[in-house]
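Each chain, written out:
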Amino acid sequence: MIHWRPSSGFVGDVIPFSHAGRIWLFYLLDERPEDPTAGASGMPWALVSTTDFVEYTDHGVVLPAGDRDAADFDCYTGSVVADGSRLHLFYTGHNPRLGDEDGSFQVVCHAVSDGDPTQWTKQPSLTFGAPAGFVPQDWRDPFVYRTGADQPWQMVLAARYVDAPDRRCGVVARLTSTDLEQWTLAEPLWEPHRFVTQECPDVFQWGDWWYLVYSEFTDAFQTRYRIARGPSGPWLAPGRDTVDGRAFYAAKSVSFQGRRFFIGWIPTKQGDSDAGRWQWAGDLAVLEAHQEDDGTLAFGLPAEVVAAYSDVQQVKLDVEPAVDRYAAWIGDAVPEDCLITLTVDVDAGTQAFGLLLHASADGEHATAVRLEPQRHRIVLDTWPRGRTGPAQWQVDGDVPHAVELERPCPLPPGRHTIQVLLNGTTAHAVVNNQVALTFRRYNLGPGHLGLFVTDGTANLVELTASRPTL
């Protein structure tokens, strides 16, 4: 299962940790009780591990939720670090019954292990909440790291200032420690004065660049990043400052064997319907980052995932001549689990081109992965639109594409390779191993694969659909 999900429940925020030759993927196990405040148990941490993001070992729940009156009734996002042979797990404690008239408090909690990532002992005496000046309801997602082997430990958190405009009070708070137990408030790592908070912070160094990764739910519900020449900033926005779109959230990264992977989750939709609202949690998903000279990160599928789809078949298209400036060629149906690879040479001035997924035999019903060179973007579109009534003009959502599924994407004239990984209802589209657009579609339709071009020329070099060999 490429996009892993437990047999019971859904994958929330993922906390990746590299240890003993494996990648340990702790995650918030969302069992979706109808009323979370009335449940007998809260949210725990569960764990899977892997070496290739293709085969996973399920370790089940490793950090149980606290009891009904505990500060960690819900165990929310955090981080794991090694200090010698001892492992330290920091997480957010939350209890909807504890707080004041403004809401329930969040606190930083601590657990330790003698080296086994599946066995943890909580340290309740080390729990602490927000200091004066910070909103106690938002003191979460502790991420612990070092800027050097001889430097103090750093902890950054998603926090908010009190007595500040609500939508501009978010701050990446910072604390320091020499023993991972006692923490001292330090200067904030980043004060952007924008939006409610910057959650799930993640800090790492890669070559000459430092990176601050965070997720933002009051802007475009995306994971973003900033770059700097030093561990304290100043934090600058690269040209493409997003990891993916709406359907790849709360991504955190891990270094493994000299490579950098970003792991997030693909949300489900209410009612298992394309028309439903996005929901919190879903399926685990991974992208591999590649560093460009200016510090910008490019994102693509890990080579191990691509290699898992080695049963390659050429796709034959109906190549009747086009009769207008929109041309579509439809091929045979492809499996629900496959890797589609399209290579095309695109002429200057071409307005749009792309792939039709889950298409009807005539191409009139399809999910479109559309690349627009003149607008330098990739979008996800569907046709036909929903309707609010029987008349032709009564269209539900009269929009040019799914507005939350749009990515900036450089598309100069010339050759481009687009990969689309279909895994049931989940999917990744990757352009030139550089820009990723993750999405979910429930109405898969007949399953034909098509190629289209609008107002221009895209010369087909190759189109394949590869089945998994596992």
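For the protein chain, an unreviewed UniProt entry supplies the name beta-fructofuranosidase and the organism Kribbella speibonae. Of the comments in the UniProt record for the protein chain, the one headed Sequence similarities (unreviewed entry) reads "Belongs to the glycosyl hydrolase 32 family."

Enquirer: What is the right way to look at the pairing of strand β33 (residues 458-467) in this model?
Expert: Look at any regular strand and the pattern is simple: side chains alternate between the two faces of the sheet. Where strand β20 (residues 311-314) meets β33, four bridges bridge the pair, whose relative direction is antiparallel. What sits directly across from Val312, in β33, is Ser466. Bridge count between strand β22 (residues 337-346) and β33: eight bridges; the pairing is antiparallel. Across the sheet, Leu342 pairs through a bridge with Leu463, a residue of β33.

Enquirer: I keep staring at the domain arrangement of the protein chain and nothing clicks. Help me out?
Expert: It is common to report an interface's size as the accessible area lost on association of the parts. Here the domain parsing of the protein chain yields domain 1 (10-306) and domain 2 (311-467). Placing the centre of domain 1 and that of domain 2 at their C-alpha centroids yields a distance of 33 Å. Of the residues lining the interface, 30 residues belong to domain 1; the matching set on domain 2 comes to 22 residues. On the domain 1 side of the contact with domain 2, Arg240, Asp274 and Leu301 bury the most area, a combined 29% of that side's loss. Across the pair Asp283 and Arg440 runs a salt bridge whose closest N-O atoms are separated by 2.5 Å. Where domain 1 packs against domain 2, one counts 14 residue pairs in polar contact (both at pLDDT 80 or more). Elements that contribute at least two residues to the side of domain 1 that touches domain 2 include exactly β17 (259-269), β18 (278-291), β19 (297-300) and α1 (303-307). Tallying contributions element by element places β18 first for the side of domain 1 that touches domain 2, with seven residues. Here the residues of the side of domain 1 that touches domain 2 sort into 14 nonpolar, eight polar and eight charged.

Enquirer: Got a minute to help me understand the nonpolar core in this structure?
Expert: A general trend in soluble globular proteins is that nonpolar side chains are found buried together. In this structure, Leu25, Phe53, Phe262, Ile263, Leu284 and Phe299 are the most contacted members of the largest nonpolar core, which totals 48 residues. Looking at which domains feed residues into this core, each of domain 1 (10-306) and domain 2 (311-467) supplies at least three. Excluding anything up to four places from it in sequence, Leu25 contacts Val14, Ile15, Pro16, Ala46, Leu47, Val48, Thr50, Phe53, Tyr56, Ile263 and Leu284. With 37 residues, the next largest nonpolar core counts Trp278, Leu317, Trp329 and Ala458 among its residues.

What counts as what
Residues numbered from 1 in each chain as written. Predicted model: local features only at pLDDT ≥ 70, side-chain atom pairs only at ≥ 80, totals over all residues. Heavy atoms only, no water. UniProt positions renumbered as here; feature names shortened; annotations may be inferred. Pairing = 2+ DSSP bridges. Helix = DSSP H or I, 4+ residues; strand = E, 2+ residues; numbered from the N terminus. Domains from an automatic or database assignment. Contact = heavy atoms within 4.5 Å. Buried area = accessible area lost by both parts, 1.4 Å probe. Salt bridge = Lys/Arg side-chain N within 4 Å of Asp/Glu carboxyl O. Polar contact = N/O pair within 3.5 Å; in protein donor to acceptor, adjacent residues only side chain to side chain. Nonpolar A, V, L, I, M, F, W, Y, C, P; charged D, E, K, R; others polar. Core = buried A, V, L, I, M, F, W, Y, C linked by side-chain atoms within 4.5 Å. Buried < 20%, exposed > 50% of the residue type's maximum accessible area, 1.4 Å probe, protein only.

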